[in-house]
Amino acid sequence: MPEVGPEDFSAILAHVREFVRTKVVPREQEIMEADAIPDDLRKQAAEMGLFGYAIPQQWGGLGLDLTQDVELAMEFGYTSLSLRSMFGTNNGIAGQVLVNFGTDEQKSQWLERIASGEVVASFALTEPGAGSNPAGLRTKAVRDGDDWVIDGQKRFITNAPIADLFIVFARTRPADESGPGIAVFLVPADTPGLEVGVKDKKMGQEGAWTADVVFSGVRVPASALVGGSEDVGYKAAMTSLARGRVHIAALAVGSAQRALDESVSYAASATQGGHPIGEFQLVQAMIADQQTGVMAGRALVREAAARYVSGEDRRIGPSAAKLFCTEMVGKVADLAVQVHGGTGYMREVPVERIYRDVRLLRLYEGTSEIQRLIIGGGLIREAGKRK
Ligand SMILES: Cc1cc2nc3c(=O)[nH]c(=O)nc-3n(C[C@H](O)[C@H](O)[C@H](O)COP(=O)(O)OP(=O)(O)OC[C@H]3O[C@@H](n4cnc5c(N)ncnc54)[C@H](O)[C@@H]3O)c2cc1C
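Conventions used here
Residues numbered from 1 in each chain as written. Predicted model: local features only at pLDDT ≥ 70, side-chain atom pairs only at ≥ 80, totals over all residues. Heavy atoms only, no water. Helix = DSSP H or I, 4+ residues; strand = E, 2+ residues; numbered from the N terminus. Rg over C-alpha atoms; globule rule 2.2 N^0.38 Å. Buried < 20%, exposed > 50% of the residue type's maximum accessible area, 1.4 Å probe, protein only. Contact = heavy atoms within 4.5 Å. Areas by Shrake-Rupley, 256 points an atom, 1.4 Å probe, with all protein chains shown as cover. Phe/Tyr/Trp six-rings, centres within 6.5 Å; stacked < 30°, edge-to-face > 60°. Pairing = 2+ DSSP bridges. Near = heavy atom within 4 Å. Polar contact = N/O pair within 3.5 Å; in protein donor to acceptor, adjacent residues only side chain to side chain.

Caption draft 1: Structural detail: the overall build of the protein chain. If you tally the helices and strands in the protein chain, you get twelve helices and nine strands. Whereas a compact globule of 387 residues would reach a radius of gyration of roughly 21 Å, the protein chain reaches 21 Å, a difference of no more than 12%. Expressed as a percentage of its 387 residues, the buried residues of the protein chain come to 52%. Long-range pairs, those at least 24 residues apart, make up 76% of the contacts in the protein chain between residues at least 6 apart in sequence. Surface exposure of the protein chain reaches about 17000 Å², of which carbon and sulfur atoms provide 54%.

Caption draft 2: View of the packing of aromatic side chains. For the coordinates displayed, the defined rule picks out six aromatic pairs. Look at Phe51 and Phe87: their rings are 5.8 Å apart centre to centre, the planes differ by 75 degrees, and that puts the pair in the edge-to-face class. With Phe51 in the loop between helix 3 (39-47) and helix 4 (66-76) and Phe87 in helix 5 (residues 81-91), the pair connects residues that are 36 residues apart, well separated along the chain. For the pair Phe51 and Phe87, a shared accessibility class is recorded, and that class is buried.

Caption draft 3: Structural detail: the pairing of strand 7 (residues 210-221). Of the pairings in the sheet, the one linking strand 3 (residues 147-158) to strand 7 comprises nine bridges and is antiparallel in character. Within the sheet, the bridge partner assigned to Thr158 lies in strand 7 and is Thr210. Note: strand 6 (residues 194-196) against strand 7, three bridges, orientation antiparallel. Counterpart to Val196 in the pairing with strand 7 is Val213.

Caption draft 4: Broad picture of the site of the ligand. Of all residues adjacent to the ligand, which total 18 residues, the nearest are Phe123, Thr126, Ser132, Thr367 and Glu369. In the model, a nitrogen atom of the ligand is placed 2.7 Å from a nitrogen or oxygen of the Phe123 main chain. Within the backbone of Leu125, a nitrogen or oxygen atom sits 2.9 Å from an oxygen atom of the ligand. Isolated, the ligand exposes 970 Å² of accessible area, and the fraction of that covered by the protein chains is 65%.

Written as structure tokens, this is what we have:
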């Protein structure tokens, strides 16, 4: 049973929709130009509980399950994706590691502050040469008395420049038959030896920052080892990422809906030769393809989330939803630029930003190629087991 019943959830969803559409949408240009989410919007998001909507109520969150999370994500997708990024790591890839694998002591030390937004948590898995294949990561954690000493380098870490806490995946031994040898540690950002690089210059999602994080002899106590076990790291990463994939798919559907709405309203008003361009059947065809993609994506997201929550499918469904919806929004955004003609190539126009913002969705939390490998490989392995 979800912690929040249908009536309360409807109120939360309506409030989020109103916040996104009346408070954030009008400030998209400002966010893009400043490359930052304004402080007042951050404050409102924190007051609404958005830093902890997916954190259980016991730890100060709203306690939404994934079927509810995706409904919010479809609303967040309607505006600059950097808004969602501001609290996405707290609820998602970083927060879920603590929720599902942390000890009670670790949860009480961190989760309430994560849920309130007082602490920003970053998920530090990717390294140069270990992105699609995180099992190949080289960051090392070596036991020294009661402590662990971490050395290595992470890259493209979302929220690193503003993080208070890093959830750091590091190798404690070489991979062997017993597992990949990857543990996960809670490392406060002010720990000596931890250095965050300059923020990356990205294609889109202005207002969301990423950077390298370098660990040089970073010493943390034994209590920083998540779950108190060296063996949970890889499983924690894969579990958090699978859940995150359904969320990213929902975000893609929200962005596609926005691109579609922008296209319809442009096509209904812009004219050529005295006719609204929406009267041209080839323009209608583009809009029809957008609408069909949005509807298919929304249905797939809802089904994948329900099957994730019931425990029926936590692997193939999330990957199928992420693959389909992130590819779909790529096409829908491209069509949106096409519907707008030359106007769609101009910086002040929402579909230009959407086109750049959504490109990332096919890359992070597993590229489209990796999703195909998970889906195809998973189905073939299941068939092999049945033989
Ligand atoms: C803006 C941004 C934010 C990010 N935030 C985070 C974060 O917060 N935390 C974090 O840990 N990481 C983060 N990442 C990293 C992201 O998850 C990786 O970039 C992504 O997983 C791809 O890894 P890579 O960049 O090393 O590319 P590669 O793995 O080198 O991929 C390059 C190409 O090779 C293909 N490829 C790779 N392996 C295979 C294979 N086995 N079979 C077929 N094709 C393959 C890929 O699909 C891709 O097309 C972020 C990245 C970006 C750009």
